Amino acid sequence: KQKTAYEIMPSLVGSEMCIRDSYKRARTGGLLKDWKLTKGLTTEIDKYDRDIKGRAVPVERKATLYRMRKWQKRSRMATSLQRNLSVALPEIDRMCSYLNIPRNMKEEIARLYRKCAKKGVVKGRSIEGMVAAVIYIISRQHQSPIILEELEEVSGVSKKKIGKCYKKIRQNIELEIPINKPADYIGRLASKLNASGKTIAKSYEIVKEVEEKGFTTGRVPISVAAAAIYIAGELTSDPNIPKKIQGIPGASKNIIQKRKEEIEKLLSKD
């Protein structure tokens, strides 16, 4: 009797099991995208009435394809949740593009909004306000907070309404949101001013030093960050940093000037 390969080499059994497991775990198709209504898994019926080879579909089949497209579109909007997401997800894409939010953060924003929509948190609130609140939460979790004034501008919803949406999300969903620090704002502010690498590094050093001395306690973080960038720009002779202090969303030029003078006075004591 001829022996099988498993009898000759028993180790092949284990290798075959590994191969089967790898096939089970193999991914088919593209990645799931939460910011798309169908998460990227869908079948589209061509609206140009062409077959797979690009040839025109016979006239007698055009009415059938039209009905199929119509019912496919209706099936996507069958529930109130799907109708809400059909408006909210494109709004998330628009706001994230305007605010230059990276793709990984956009995925988390869409995921959190879906969670809020499934739990009914979005009911009774404007979609734009809820989207802005979700963006604010995720940006703070990534230690790159978006300023409320920026969200107000891009969403068309007042800061007060965005704040109410934010509170409603916090009341219904458990989230860990870190406290804003001046260092969190340096990257975003420096990119707007087109600051050099030396200026950014010096800004972080200044913020770290004043934090160790307890200067940031009770002060608006973004004003401290802006003042540190202006001081760092003077020390590094950065031509991109304007000599005259300019106001930014969330901090007027008077407040930044005041923080700048306080930091310079504090650092001069050393």
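Residues numbered from 1 in each chain as written. Predicted model: local features only at pLDDT ≥ 70, side-chain atom pairs only at ≥ 80, totals over all residues. Heavy atoms only, no water.

A. A look at the packing of helix H4 (residues 80-98) against helix H6 (residues 127-141). Running from N to C, H4 and H6 cross one another at 50°; their axes reach a closest spacing of 10 Å. Considering the angle they form, H4 stands oblique to H6. As H4 runs across H6, the sense of the crossing is right-handed. Of the residues in H6, those touching H4 at Asn84, Val87, Ala88, Glu91, Ile92 and Met95 are Ile127, Glu128, Val131, Ala132 and Ile135. Taken together, the residues of the contact of H4 with H6 break down into eight nonpolar, one polar and two charged. (Axes fitted to C-alpha atoms, helices over the stretch in contact; angles between N-to-C directions. Helix = DSSP H or I, 4+ residues; strand = E, 2+ residues; numbered from the N terminus. Parallel < 35°, antiparallel > 145°, perpendicular 65-115°, else oblique. Left-handed = near helix turned anticlockwise from the far one by under 90°. Contact = heavy atoms within 4.5 Å. Nonpolar A, V, L, I, M, F, W, Y, C, P; charged D, E, K, R; others polar.)

B. Structural detail: the side chain of Ser223. The residue Ser223 is located in helix H11 (residues 221-236) in this model. A residue is classified by how much of its surface remains accessible, and Ser223, at 1% relative accessible area, is buried. Within the structure, the side chain of Ser223 is placed 2.6 Å from the backbone oxygen of Val220, a separation counted as a polar contact. Each residue touching Ser223, except ones within four places of it in the same chain, is listed here: Ala251, Ile255 and Arg259. (Buried < 20%, exposed > 50% of the residue type's maximum accessible area, 1.4 Å probe, protein only. Polar contact = N/O pair within 3.5 Å; in protein donor to acceptor, adjacent residues only side chain to side chain.)

C. Region of the structure containing H11. An ideal rise of 1.5 Å per residue puts 22 Å on 16 residues; H11 measures up with 22 Å between its terminal C-alpha atoms. Counting buried positions along H11 gives 13 out of 16 residues, so the element sits mostly inside the fold. Phi for Ser237, located one or two positions after H11, is positive at around 55°. (Expected span 1.5 Å × (residues − 1).)

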